[in-house]
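Residues per chain are reported as follows:
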Amino acid sequence: MTIGQANTDTEATMGSAQDVADVILRSRRILVVSHLRPDGDCLGSATALLAALRARGIEAVGYNETGVLEKLRFIPNSDLVSTNLPDWTPDTTIFVDCGGVGRVSPTFQPQGFLINIDHHATNEQFGDLNWIDVSACAVGEQIHELLGVLGAEITPEIAYSLYVSICADTGSFRFPNTNARTFELAAELTKLGADPAEVCRNLFESRSRGEILLSGRALARIRFDCDGKLAWSELLWPDYAEAGGVDHEPDGLSTELRSIEGVEVAILFHEVEGGGLRAGFRGKGGVDCAALAQRCGGGGHRNASGYFNDQVDYEAEREKILGYTQEAIKKELGVSAD
Ligand SMILES: [Mn+2]
């Protein structure tokens, strides 16, 4: 494997933490990229990795098209993640938590050797080296393993970032991706300096008024279908203006729709500026939300997936997706649509 070698789909390889470490040790300039509208896993992973790379003397910066939302700025080293690309060319670009190159931005042109670190089953394996571990509860778990292979010191800041990553993607240790290993890792990170209560307060109990307003709108518009097995709602573009902007989009709202008794699949639709649609799917295991999102053109996990397309008519696309979902529920759970 040579750094800087062109990426060809046919030569993409499945790698391990050791393979990733080997490439890192031969790199001098590394760009760490993450997905649009970054979440706690995405930013916790990126900041932990960036801090460790810089401690090793590697020139490393992060890039995120959306930038770090105000409410996630509590994550240590989030100032290392910029909305601008560096003025140098990276030897290596590391993608974290990205199922495809397009998750970085629709126009992102990656440079250098491409390392793809992810835990989504629908990952497109676009890297020169792909380390996909669907058993990892968060990419933060993979970064922790990688830092172990690199012999990197887990400073209190890095421990904090990794804890954010795991806490965010497990919904604070509630989702089925939570297992004994998750708690062992959480305990280790706590010993190393992460503060669990503070992380949870920052992630889940620092909501803006705009966020609550938008939650109210969405909850008031819930619709049920398929004998109550499907719950869906929507946030329309003017709602965001009223709430003070897209930064106030509520976290975990689609998960809240899923929490309703009897609901097997929940979908939250968002109307995008200028038309277009974004959808978040949440399941309880009986229906494959990754397959559902993939049928639309998106991707994700079995119980949490998403889809975005700014080139469609919002209402027509919403109806199409609801149709696909009814079909999936009928096929997988044997329930007919209302
Ligand atoms: Mn993730």
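Everything numeric in this text was worked out from a predicted model, so none of it was measured. (Residues numbered from 1 in each chain as written. Predicted model: local features only at pLDDT ≥ 70, side-chain atom pairs only at ≥ 80, totals over all residues.)

Their axes nearest at 7 Å, the elements helix α2 (residues 40-55) and helix α4 (residues 156-169) cross at an angle of 160°. Looking at the two axes, α2 sits roughly antiparallel to α4. Both α2 and α4 take part in a crossing whose hand is left-handed. For the pair α2 and α4, contact is made by Gly40, Asp41, Gly44, Ser45, Thr47, Ala48, Ala51 and Ala52 and by Glu157, Ile158, Ser161, Leu162, Val164, Ser165, Cys167, Ala168 and Asp169, respectively. Counted by class, the contact of α2 with α4 contains eight nonpolar, six polar and three charged residues. (Axes fitted to C-alpha atoms, helices over the stretch in contact; angles between N-to-C directions. Helix = DSSP H or I, 4+ residues; strand = E, 2+ residues; numbered from the N terminus. Parallel < 35°, antiparallel > 145°, perpendicular 65-115°, else oblique. Left-handed = near helix turned anticlockwise from the far one by under 90°. Contact = placed C-beta atoms within 7 Å. Nonpolar A, V, L, I, M, F, W, Y, C, P; charged D, E, K, R; others polar.)

Glancing now at the pairing of strand β9 (residues 230-235). Within β9, five of the six residues are buried, leaving the element largely enclosed by the surrounding structure. Bridge analysis of strand β8 (residues 223-225) against β9 gives three bridges, and the strand direction is antiparallel. Along β9, the bridge assignment pairs Phe224 with Ala231. The turn joining β8 and β9, which pair antiparallel and follow one another in sequence, is formed by four residues; a positive phi near 50° is taken by Cys226. Pairing of β9 with strand β10 (residues 265-271) involves six bridges; the strand directions are parallel. Across the sheet, Leu230 pairs through a bridge with Val265, a residue of β10. (Buried ≥ 20, exposed ≤ 12 C-beta atoms within 10 Å, placed from the backbone. Pairing = 2+ DSSP bridges.)

Moving on to unusual backbone geometry. With a phi angle near 45°, Arg37 is a residue other than glycine that sits in the positive phi range. Note on Arg37: 18 C-beta atoms within 10 Å, which makes it partly exposed. You will see that Asn77, though not glycine, has its phi angle at about 65°, which is positive. Here Asn77 shows up in the loop between β3 (59-63) and β4 (81-82). The exposure class of Asn77 is partly exposed, given the 19 C-beta atoms found within 10 Å.

Looking at the chain, the domain boundaries give domain 1 (9-204) and domain 2 (210-333). Measuring from the centre of the C-alpha atoms in domain 1 to the corresponding centre in domain 2 gives 26 Å. In this complex, domain 1 contributes eight residues to the contact, which on the side of domain 2 involves eight residues. Tallied by class, the residues present in the side of domain 1 that touches domain 2 amount to three nonpolar, four polar and one charged. (Domains from an automatic or database assignment.)

Spatially, β8-β9-β10-β11-β13-β12 is the arrangement adopted by the six strands of the open sheet, whose pairing is mixed. Single-partner strands in this sheet number two, and they are β8 and β12 (299-300).

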